[in-house]
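Here's the letter readout for the chains.
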Amino acid sequence: MSIKLNRLIVAGKDAANFLQGQTTADINKLTFIGQASAHQYGLSAICNRQGRVISLFWAIKVDDETFHLLLPESLAETVQKHLTIFIFRSKVTITRDEPSEEDLKTLPQSLIIPWIIDENSEEYVPQMLSLDLLEAINFKKGCYTGQEIVARMQYLGKQKRRLAHIIADNAAELIVNAKILDENEKEAGTIVYSEGNEALAVIRLEHQDHSLKIHSPIQITKIWHDDEAEN
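Residues numbered from 1 in each chain as written. Predicted model: local features only at pLDDT ≥ 70, side-chain atom pairs only at ≥ 80, totals over all residues. Heavy atoms only, no water.

Overview of the side chain of Gln-20
Selection rule: Every helix listed is a DSSP run of H or I at least four residues long, and every strand listed is a run of E at least two residues long, numbered separately from the N terminus. Contact criterion: two residues are considered in contact whenever any of their non-hydrogen atoms come within 4.5 Å of each other.
Of note, Gln-20 is situated in helix α1 (residues 15-20). In this structure Gln-20 touches Ala-25, Asp-26, Ile-27, Asn-28, Lys-141, Cys-143 and Tyr-144, once residues within four positions along its chain are discounted.

Brief notes about the sheet that holds strand β5 (residues 93-97)
Operational definition: For two strands to pair, DSSP has to find at least two bridges joining them. To get an axis, a line is fitted to the C-alpha atoms, and for a helix only the part in contact is used. The angle between two axes follows their N-to-C directions and goes from 0 to 180 degrees.
Spatially, five strands are ordered β2-β3-β4-β1-β5 in an open sheet, and the strand pairing comes out antiparallel. Among the strands making up the open sheet, the edge pair consists of β2 (41-47) and β5. Between one strand axis and the next, the sheet turns through 30° on average, direction left out of account. Bridge count for strand β3 (residues 53-63) against strand β4 (residues 66-72) is five bridges, and the pairing is antiparallel. From the neighbouring strand, Trp-58 faces β4, where its bridge partner is Leu-70.

Concerning the pairing of strand β8 (residues 187-195)
The condition that has to hold: Accessible area is worked out with a 1.4 Å probe on protein chains only. A residue is then buried under 20% of its type maximum, exposed over 50%, and partly exposed in between.
Burial runs high along β8: seven of the nine residues are buried. Bridge count between strand β7 (residues 179-181) and β8: three bridges; the pairing is antiparallel. Residue pairing in the sheet places Lys-179 in a bridge with Thr-190 of β8. Taken together, β7 and the strand that follows it, β8, pair antiparallel across an intervening segment of five residues, in which Glu-185 is found at a positive phi of about 65°.

A look at the nonpolar core
Formally: Residues grouped as a nonpolar core are buried Ala, Val, Leu, Ile, Met, Phe, Trp, Tyr and Cys residues, joined through side-chain atoms within 4.5 Å.
Of all hydrophobic cores here, the largest spans 56 residues; its most connected members are Phe-18, Leu-43, Trp-58, Leu-69 and Leu-131. When contributions to this core are tallied by element, the ones reaching two or more residues are β1 (5-11), α1, β2, β3, β4, α2 (73-85), β8 and β9 (198-204). When residues of this core are assigned to their parent elements, the largest contribution, seven residues, is made by β3. Residues within four places of Phe-18 in sequence aside, it is in contact with Val-10, Leu-83, Phe-86, Ile-87, Ser-90, Val-92 and Ile-94. In terms of nonpolar packing, the next biggest core, distinct from the first, is built from 16 residues, Ala-164, Ala-201, Leu-205 and Leu-212 among them.

A look at the pattern of salt bridges
Going by this rule: Within this document, salt bridges are pairs made up of a side-chain nitrogen of Lys or Arg and a carboxyl oxygen of Asp or Glu, the two lying within 4 Å of each other.
On inspection of all chains with the given rule, the structure shows nine salt bridges. Two residues, Arg-162 and Asp-132, come together in a salt bridge whose shortest N-O distance is 2.7 Å. Of this pair, Arg-162 sits in strand β6 (residues 161-168) while Asp-132 sits in the loop between α3 (101-104) and α4 (147-155); the two residues are 30 residues apart in sequence, bridging distant segments of the chain. One exposure class covers both Arg-162 and Asp-132, and it is buried. Salt bridges linked by common partners bring Lys-4, Glu-73 and Glu-98 together as one network.

Structure follows, in structure tokens:
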């Protein structure tokens, strides 16, 4: 990985109910793109009141009262403070440390998680990151911070921007927030996260069949989009 991860340990009698009210996924039914496991783990997000993603995290259910949240180190303290504000009288503790090897082994091996860092925190609504197609949003669970806006975006119809996996001729150009252009120099997308010459980007679907570049050419290898979900 090209970023360092930290771990938040959310523990206590009310841990599950507390996280259920703060995160986009159903914390009681964690899955990841249809893959069953003896243990529950999966992708989720914490949003601000405007429905913008503060941070993604990889959630691991250890038991009914203990959850490990893996997230970028640059946002760990921010998210810890954000969650602490909402504890009130809940019987929950939130501590931060390094993830264990066992935790890290549960992560997907392929480049599929569009890790958000401090440079692009609160820039995207979850659907732009295709979190609905990565099973990181549950639209049937109860409310959470930003839920009304996230739900409204879903029911307005097909999304205009989606997550794409790309490969670049020049890996040095794959920096966070780098602009992707089409052959007419119009903005077609933005780099979210990269590893080597691969990256995840938010792409405007109207440009997906165009010749794209940053300065050097890039190629889209996959887009998580609505038509794919219907097939």
